[in-house]
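# What the coordinates show
So the chains spell out like this:
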Amino acid sequence: MANSLPVHKFTPSVGEYVWTFGGAPPLARVKPGDTLELFTEDCFAGRVRSEKDLVTEVCEFPFLNPQTGPFYVEGAEPGDTLAIHFVSIEPARDWAASTTVPLFGALTSTHTTATLQPPLPERVWIWQLDRERRTALFRAKDSDVEVELPMDPMHGTVGVAPANLEVRSALVPDAHGGNMDTPEMRAGVTCYLGVNVEGALFSLGDGHARQGEGETCGVAVETAMNTVVTIELVKGVPTPWPRLESDAYIMTAGSARPLEDAFRIAQVDLVQWIARDYGLSELDAYQLVTQGVESPLANVCDTNYTSVAKMRKAFLPSGTSAYGVHEVLRQRAAAYLAG
């Protein structure tokens, strides 16, 4: 079965990365049912390689978060939903970088949270990745402390072209997806994005070897990735905000400022999703979600903050399946991995 599935490999050249969602010509045309083997560069475009490589010196704002894509999905039209299933996400290097950046992050003065405090100093931490043991090694800069954390690879950025002719920076999360920075975007998960333009034009990037919820300092354990995705199209079904599905959960992601509006967006979308697909009235879904939801933060540092609402499938009416494609994509992924 695996050999019968169309598989395409894309490793962009330096000049082929894109920095926005919308406004860029497609890198390639693909079809529903295709599997894509993709290389994505890290958020620094590979320029932070040592503790001496300060972001403000080696990177040029706003050219951060290079995206692999966009991909034109044949048959995708506004009002459809694009399903992107992450078959595997594997670090392409044995090291990763994290930093503090002046006037950026959740626990410091920023351009939008202005104070008279000086910016935090700029530091770089290089993490060693043991891809065989699946660990990431933190080395403190001001002591001899070392801590080994488990790797949990994910993509900070995945999205489609926005609606209404908009072009959005790859640093911004919103209804089109983008830089959501949720650790839930890991292998085995299907991401659902509403199609806004013909062909959808989806891209992804910003690989993290791991990231805590909230991405507090604004930078995860950033590294290049070798990622495999398989795609499908759900015709005639709109998706207002990014949604995710794993074997155990359905999830929604809302992005906005202030943070409570991001929370509200995710919670409302989860209530309305359950009411639409699981046979409940909106008020019954509201009550069920209130008592069963999990609400991790994705990021509290980007241009918009992102909040996630998660509901265990075990808490939902039996015999139903969101969108009806996650199981199909899981089987396709298993066939690919077995082949």
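Scroll up a little and you will see the structure.
Structure report, in brief.

Scoring rules and cut-offs
- Going along each chain's sequence as written, the residues are numbered from 1 onward.
- Local features in this predicted model are restricted to residues whose pLDDT is 70 or higher, and side-chain atom pairs enter the listing and the counts only when it is 80 or higher, whereas totals over whole chains, interfaces and linings include all residues.
- With hydrogens and water excluded, all non-hydrogen atoms of the structure serve as input to the side-chain values.
- Pairing between two strands requires that DSSP report at least two bridges joining them.
- Strands are runs of DSSP state E lasting at least two residues, helices are runs of H or I lasting at least four, and both sets are numbered from the N terminus onward.
- Whenever a carboxyl oxygen of Asp or Glu lies within 4 Å of a side-chain nitrogen of Lys or Arg, that contact is scored as a salt bridge.
- For each residue, the accessible area found with a 1.4 Å probe, counting protein chains only, is set against the maximum for its type, and the residue is called buried under 20%, exposed over 50%, and partly exposed in between.
- Grid points spaced at 1 Å and placed over the protein atoms alone form the basis of the search, with a cavity being a set where a 1.4 Å probe fits but cannot get out and a pocket an open set showing protein on both sides within 12 Å along at least five of seven lines. Lining residues have an atom within 4 Å of a point.
- Grid points are joined across faces, edges and corners, and a volume is the space filled by probe spheres set on the points.
- Only Asp, Glu, Lys and Arg are considered charged in this grouping, and only Ala, Val, Leu, Ile, Met, Phe, Trp, Tyr, Cys and Pro are considered nonpolar; every other residue, Gly among them, is considered polar.
- Contact between two residues is taken to exist if any of their heavy atoms lie within 4.5 Å; hydrogens are not considered.
- Counted as a polar contact is a pair of N or O atoms within 3.5 Å, where, for protein atoms, one must be capable of donating a hydrogen and the other of accepting one, and residues adjacent in sequence contribute only when both atoms are in side chains.
- By nonpolar core we mean a set of buried residues, namely Ala, Val, Leu, Ile, Met, Phe, Trp, Tyr and Cys, connected to one another through side-chain atoms within 4.5 Å.
- Picture the helix axis, draw a direction to every C-beta atom, and the arc is the one those directions span.
- Lines fitted to C-alpha atoms define the axes here, with helix axes fitted over just the stretch in contact, and angles between the N-to-C directions of these axes take values from 0 to 180 degrees.

### Concerning the sheet that holds strand 3 (residues 28-30)
- The sheet built from 6 strands is open, its strands ordered 3-5-16-11-14-13 with mixed pairing. Only two strands of the sheet have a single neighbouring strand rather than two, namely strand 3 and strand 13 (173-174).

### Some words on the pattern of salt bridges
- Within the structure shown, the criterion is met by 23 salt bridges.
- E166 is paired through a salt bridge with R168; the nearest N and O atoms lie 3.5 Å apart.
- Look at the salt bridges and you will find they share partners, linking D152, E184, R186 and K310 into a network.

### A word on the environment of A309
- Along the chain, the position of A309 falls in strand 21 (residues 305-312).
- By relative accessible area, A309 is classed as buried at 0%.
- Separated by 171 residues in the primary sequence, A309 and F138 have C-alpha atoms spaced 30 Å apart.

### Details of the layout of surface pockets
- For the largest pocket, the calculated volume is near 760 Å³.
- The computed volume of the second largest pocket comes to approximately 280 Å³.
- For the lining of the second largest pocket, the elements supplying multiple residues, two or more each, are strand 7 (95-100) and strand 8 (123-130).
- A breakdown of the residues in the lining of the second largest pocket according to their chemical character gives 8 nonpolar, 6 polar and 2 charged.

### Focus on the pairing of strand 7
- For strand 7, the buried fraction is high: 6 of the 6 residues fall into the buried class.
- Of the two faces of strand 7, both are covered, the one formed by W95, A97 and T99 as well as the one formed by A96, S98 and T100.
- Two elements, strand 7 and strand 8, share 6 bridges in a ladder whose sense is antiparallel. Across the sheet, the residue bridging to S98 is W125, located in strand 8.

### Side note on the environment of N196
- Along the chain, the position of N196 falls in the loop between strand 15 (190-194) and strand 16 (200-208).
- Along the sequence, N196 and D80 sit 116 residues apart, while their C-alpha atoms lie 8.2 Å from each other.
- For N196, the residues in contact, after removing those within four places along its chain, are P78, V160, A161, P162, A163 and H176.
- Here the side chain of N196 touches A161 through a polar contact of 2.9 Å, landing on its backbone oxygen.

### Looking at the nonpolar core
- If you look at the biggest cluster of nonpolar residues, it comprises 33 residues, and the most contacted ones within it are L36, F71, L82, I84, F86, V158 and F202.
- Secondary structure elements with two or more residues in this core: strand 3, strand 4 (35-40), strand 5 (67-73), strand 6 (81-91), strand 15, strand 16, strand 17 (225-234) and strand 19 (249-256).
- Sequence-distant contacts of F71, that is, excluding residues within four places in its chain, are made with F10, L27, A28, V30, L36, L38, G199, L201 and F202.
- Judged by nonpolar contacts, the second largest core, of 20 residues, contains L270, Y278, M311 and L316.

### Overview of helix 3 (residues 282-292)
- Taken residue by residue, helix 3 has A285, V289 and G292 as its buried positions. All buried residues of helix 3 fall inside an arc of 80° around its axis, so they share one side. Exposed residues on helix 3 whose side chains face more than 90 degrees from its buried face are L283, Y286 and Q291.
- Along its buried surface, helix 3 packs onto helix 2 (259-277) and strand 21.

### Some points on the sheet that holds strand 9 (residues 135-139)
- Taking strand neighbours across the sheet as the criterion, the 4 strands line up as 7-8-9-10 in an open arrangement whose pairing is antiparallel. A strand with exactly one partner marks an edge of an open sheet, and here the two such strands are strand 7 and strand 10 (146-150). On average, each strand axis in the sheet is inclined to that of its neighbour by 25°, with strand direction left out of account.
- Pairing geometry for strand 9 and strand 10, over 5 bridges, is antiparallel. By the bridge assignment for strand 10, A136 is matched with L149.

### As for unusual backbone geometry
- Here F61 and P62 are connected by a cis peptide whose omega angle stands at 10°.
- Within the secondary structure layout, P62 lies in the loop between helix 1 (55-58) and strand 5.
- With an omega of 5°, the peptide bond between R257 and P258 qualifies as cis.
- Assignment of secondary structure puts P258 in the loop between strand 19 and helix 2.
- Despite not being glycine, A45 shows a phi value in the positive range, around 60°.
- Looking at where A45 falls in the secondary structure, it is placed in the loop between strand 4 and helix 1.

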